Amino acid sequence: DEKKTHFSTLLSEEGGRFYHYQNRYMIVEIDNPDKLKVPSNYIWMSLGHLMKFIKHTNYINVEARTLIACLSFL
């Protein structure tokens, strides 16, 4: 399957709270999303849904919030 990376960066975990720990944040477009294997305890959410949930404390974790912020660089 073809994939196209739109964004990729390494960022410090929670702004440096965890010394020398980094996360890679990526926005990748794939050709066949239906073939992607996702664990049964995960769910797909649209960006619109995420933007509604992000207004509430503790609904969206810090990693997801950071990934949403990365969308502004596209």
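For the structure given in this document, a descriptive report is provided here. In this text the structure is predicted, and so the values were computed from the model without any measurement.

### Topic: the overall build of the protein
From N to C terminus, the protein includes two helices and two strands. Listing every helix and strand of the protein by position from the N terminus yields β-β-α-α. The dimensions of the protein, computed from C-alpha atoms along their principal axes, are 35 × 25 × 25 Å. Across the 74 residues in the protein, those meeting the buried criterion constitute 12%. Considering only residue pairs separated by 6 or more positions, the protein has 40% of its internal contacts joining residues 24 or more positions apart. For the protein, the separation between the mean place of its 9 positive charges and that of its 8 negative charges on side chains is 5 Å.

### With respect to the side chain of N23
Here N23 shows up in strand β2 (residues 22-30). Those residues within four positions of N23 in sequence are excluded, and the remaining contacts are T9, L10, L11, E13 and E63.

### Quick word on the environment of N23
Looking at N23, the relative accessible area reads 14%, which means it is buried. Distance from N23 to N41, taken between C-alpha atoms, is 22 Å for residues 18 residues apart in sequence.

### What to know about the layout of surface pockets
The computed volume of the largest pocket comes to approximately 1200 Å³. Among the secondary structure elements, those contributing two or more residues to the lining of the largest pocket are β2, α1 (47-53) and α2 (62-70). No other element matches β2, which puts seven residues into the lining of the largest pocket. When the residues that make up the lining of the largest pocket are grouped by side-chain class, the tally is 22 nonpolar, four polar and two charged.

### What to know about unusual backbone geometry
With the exception of glycine, the majority of residues adopt a negative phi angle, and the majority of peptide bonds are in the trans configuration. One non-glycine residue, N58, adopts positive backbone phi at about 65°. Within the element layout of this structure, N58 appears in the loop between α1 and α2.

### Concerning the packing of aromatic side chains
Summed over all chains, the structure comprises two aromatic pairs. The interplanar angle of 15° and the centroid separation of 5.7 Å between the aromatic rings of F7 and F73 together place this pair among those described as stacked. Of this pair, F7 sits in strand β1 (residues 3-12) while F73 sits in the segment after α2, and the two are 66 residues apart along the sequence. F7 sits in the buried class, given a relative accessible area of 15%. Here F73 falls in the exposed class, since its relative accessible area comes to 62%. For the pair F53 and Y59, a centre-to-centre distance of 5.7 Å together with 50° between the ring planes defines the contact as tilted.

So, how was this worked out
Along each chain, residues carry numbers from 1 onward, in the same order as the chain's sequence is written. Residues qualify for local features only when their pLDDT is at least 70, as the model is predicted, and side-chain atom pairs are given and counted only at 80 or more; totals for whole chains, interfaces and linings, by contrast, use all residues. Calculated side-chain values reflect all of the structure's heavy atoms, with hydrogen atoms and water omitted. In this text, helices come from DSSP runs of H or I with a minimum length of four residues, and strands from runs of E with a minimum of two, each type numbered from the N-terminal end. Each residue's exposure class comes from its accessible area (1.4 Å probe, protein chains only) as a fraction of the maximum for that residue type: buried when under 20%, exposed when over 50%, partly exposed otherwise. Here, two residues are considered to be in contact whenever any of their heavy atoms come within 4.5 Å of each other. Note on charges: Lys and Arg go in the positive column, Asp and Glu in the negative column, and His and the chain ends are not counted at all. Think of each charge as sitting on NZ of Lys, CZ of Arg, CG of Asp or CD of Glu. Of the grid points, spaced at 1 Å and generated over the protein atoms alone, those admitting a 1.4 Å probe that cannot get out make up cavities, while open sets with protein on both sides within 12 Å along at least five of seven lines make up pockets; any residue with an atom within 4 Å of a point is treated as lining. Grid points are joined across faces, edges and corners, and a volume is the space filled by probe spheres set on the points. Each residue is assigned to one of three groups, with Ala, Val, Leu, Ile, Met, Phe, Trp, Tyr, Cys and Pro labelled nonpolar, Asp, Glu, Lys and Arg labelled charged, and all others, Gly among them, labelled polar. The pairing test for Phe, Tyr and Trp rings, Trp by its six-membered ring, is centres within 6.5 Å, and the orientation test on the planes gives stacked under 30 degrees, edge-to-face over 60, and tilted for anything in between.

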